[in-house]
Each structure stands twice: as C-alpha cells, then as structure tokens.
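Structural features, examined
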Amino acid sequence: MDAVEEWPDGEWKVRMLTGASSTKDYRCPGCDQEIRTGQPHLVSWPNWPGGDEERRHWHSGCWRKRLDRGPGRSRY
C-alpha cells in the first residue's frame, strides 16, 4: 500500500517493500550502495502527475536522511 509523505521538498508516495517482494538488485541514490535481492527497502516517487516515472529504490535509513545531503546532490 502506498503512503503519501509530506517533506520540505514536496509530497512523495512511498511504498515499503518486504524482502520477499524484492526480486532484483537496485542501487540506492542515498548511499550509492546496492540494495540486494530479498532485502527490505522502500520505493518512492514524487506525488505529481507522471511522478511514477521518477521511482527510486532506497534503504529506509537513507530515505529518512536524504534532506541532510550536501548541495548539488539529487534528493531522489
């Protein structure tokens, strides 16, 4: 189930994924490390029309800390 989260950088749709539902590896934009198959994580995308094209898979901790990233780094 998707939740809508409001952050200083806008509204985001967020879906928690269990390890069982994860069937491939992804690269977290927060730490640039792999999210391995079977590892619980989340997927987020901007809550605007067409925002689902911007879906990204994150470690949960990296998602919560993304606003702390330095200037010039993408937040999604």
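Each remark here, short or long, concerns the structure printed above.
As a further point, take the pattern of salt bridges. According to the stated counting rule, one finds 5 salt bridges in the structure shown. Glu 54 is paired through a salt bridge with Arg 56; the nearest N and O atoms lie 3.7 Å apart. The exposure class assigned to Glu 54 is partly exposed, which follows from its relative accessible area of 27%. Taking relative accessible area as the criterion, Arg 56 reaches 30% and is therefore assigned partly exposed. One salt-bridge network, held together by shared partners, links Arg 27, Glu 34 and Arg 36.

This part covers the sheet that holds strand S1 (residues 2-7). If you trace the 4 strands from one edge of the open sheet to the other, you get S1-S2-S5-S6, paired in antiparallel fashion. With partners counted over all chains shown, the strands left at the sheet margins are S1 and strand S6 (56-58), one partner each. For this sheet, the mean angle separating the axes of adjacent strands, direction not counted, is 35°. Relative to strand S2 (residues 10-17), S1 runs antiparallel, the two sharing 6 bridges. Pairing of Glu 6 across the sheet is with Glu 11, part of S2.

Cut-off values and rules
- Residues numbered from 1 in each chain as written.
- Predicted model: local features only at pLDDT ≥ 70, side-chain atom pairs only at ≥ 80, totals over all residues.
- Heavy atoms only, no water.
- Salt bridge = Lys/Arg side-chain N within 4 Å of Asp/Glu carboxyl O.
- Buried < 20%, exposed > 50% of the residue type's maximum accessible area, 1.4 Å probe, protein only.
- Pairing = 2+ DSSP bridges.
- Helix = DSSP H or I, 4+ residues; strand = E, 2+ residues; numbered from the N terminus.
- Axes fitted to C-alpha atoms, helices over the stretch in contact; angles between N-to-C directions.

These figures capture arrangement, not role.
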